[in-house]
Amino acid sequence: MWGGRFAEGPSAIMREINASIPFDKALWRQDIAGSKAHVAMLAAQKIVSIDDADIIIDGLDRIAAEYERDGVPEDWSLEDIHMTVESRLAELVGAAAGRLHTARSRNDQVATDFRLWVRDAMDQADAGLAELQRALVTRAGEHAESIMPGYTHLQTAQPVTLGHHLMAYYEMARRDRSRFADARARLNQCPLGSAALAGTGFPIDRDATAAALGFDQPTANSLDSVSDRDFALDYLMAAAQCSLHLSRLAEEMILWASQPFGFIRLPDALSTGSSIMPQKKNPDAAELVRGHSGRIIGCLTSLMITMKGLPLAYSKDMQDDKPPVFEAASLLALSIAAMTGMVADSTFHTARMRQAAELGYATATDLADWLVRQADIPFREAHHITGAAVRLAESRGIALDALSLADLQAIDSRIDERVFAALSVEASVAARASHGGTAPVRVREQVAAARIALGMET
Ligand code: ARG
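Predicted, not measured: the structure shown is a model, and the values here were computed from it.

Conventions adopted
Residues numbered from 1 in each chain as written. Predicted model: local features only at pLDDT ≥ 70, side-chain atom pairs only at ≥ 80, totals over all residues. Heavy atoms only, no water. Helix = DSSP H or I, 4+ residues; strand = E, 2+ residues; numbered from the N terminus. Buried < 20%, exposed > 50% of the residue type's maximum accessible area, 1.4 Å probe, protein only. Contact = heavy atoms within 4.5 Å. Pairing = 2+ DSSP bridges. Phe/Tyr/Trp six-rings, centres within 6.5 Å; stacked < 30°, edge-to-face > 60°. Lys NZ or Arg CZ within 6 Å of the ring centre and 35° of its normal.

(A) Geometry of the environment of proline 191. Mapped onto the secondary structure, proline 191 falls in the loop between β3 (189-190) and α8 (206-212). A relative accessible area of 0% means that proline 191 is categorised as buried. Residues proline 191 and leucine 223, 32 residues apart in the sequence, show an inter-C-alpha distance of 9.8 Å. Once residues within four sequence positions are removed from consideration, proline 191 is found in contact with Asp108, Ala111, Thr112, Arg115, Arg206, Thr219 and Ser225.

(B) The pairing of strand β1 (residues 147-152), seen in detail. The pairing of β1 with strand β2 (residues 155-161) spans six bridges and is antiparallel. Within β2, the residue paired with proline 149 across the bridge is proline 159. Following β1, the chain reverses through two residues before pairing antiparallel with β2; histidine 153 in that reversal takes a positive phi of roughly 60°.

(C) Quick peek at the packing of aromatic side chains. Following the criterion strictly, the structure yields eight aromatic pairs and no others. Seen from their ring centres, phenylalanine 114 and phenylalanine 231 are 5.7 Å apart, and the 75° between their planes marks the pair as edge-to-face. Of this pair, phenylalanine 114 sits in helix α6 (residues 106-142) while phenylalanine 231 is found in helix α10 (residues 230-257), placing the two residues 117 residues apart along the sequence. Cluster of aromatic residues (ring-pair linked, three or more members): Phe114, Trp117, Phe231 and Phe326. Of note, arginine 119 hangs over the ring of phenylalanine 215, and the distance from its end group to the ring centre comes to 4.9 Å.

Okay, here's the thing in structure tokens:
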């Protein structure tokens, strides 16, 4: 492609270090779409003839059919997907192919292709997250009243409803989707026509190519256009944050499936056995989601470090932008799908969860709150009185509501028999009906609103 300037061809090492085709062949659809939009614009602007443009577009369609059928051939001497397509075009249509690269450079070409690819990845993440949300909302609706222990410090804190707990992940997915949507809106400007770095002297129509490729408008500055990879970083940041949420959910499912918890039974289809211990059922998919989040965060770090300190405009370092994005996208898609399956198909052992919620004095706060409300005791003092009641119950190895009224009155005479109604786990969750609280009534409202937002049947 640049033989005119060179006396010798590249060494084998140069060819190998330079070749991006092993990974950027994933961009072939975007590359062909970009070239078709470009040449149609060149014809409309009378920069190439309509006949040549037709020949080129027909050739590009034939290449697309070939790649669809046989895959993209990998010839390192052709370096990348852009030259691979163009050289095949020359083989297929001859001299006209040489007109395609008028008024563009691989620098604006790759920036365009990659934006199109990342845009699809954002849309795919959004669709996957919507499915995960549907699964969460469905299970939350089934379990608006199921009681489980709520934890802080992984110590039993207060009873909560399982539906409330699942809806916490719905909220995380909602923020993840909005991060991908923000990133998509920022991404959606077209760099094509920025050429190598300075723009072009040909009378191109950048609005036309932008529109043809589904962008909102052309980018504003040609130097920035060919050296900007913010859209890929935005994607990776959203992906990293999303994977971090998925890893928290995965970790909870791993804990819940363990024997000491015994809260859930994971679907067989998303678990593995042990080759030596016949009784085992391992949460490998959840563990891998937890692990993949580390790799996705690594992908973000990798691209940030690649971009850091690069002078304007394009530098070949930027060719290394694609592997971390491709890797993160496939890990994220798998992680979202795996967690969706686990949420949708796990069995929740609600009796066991309720039993666990009764251990660990989870309703101690309810006793303190009762003292505040019924006996007008300041909360700090109520906290102290309740602490004494917990200590007594603990010394006897019994639950708070198993203490007798006499026991409680010995601690504080203002306590009366109405307190027992406040000490059940059902009363405890029902009482927490503040906005965003765990009460079944609030959870059902959240679920109903979410079903509408997701376009589910209500
Ligand atoms: N394969 C290159 C990349 O992915 C395409 C751009 C090459 N540009 C250049 N000036 N050599 O970044």
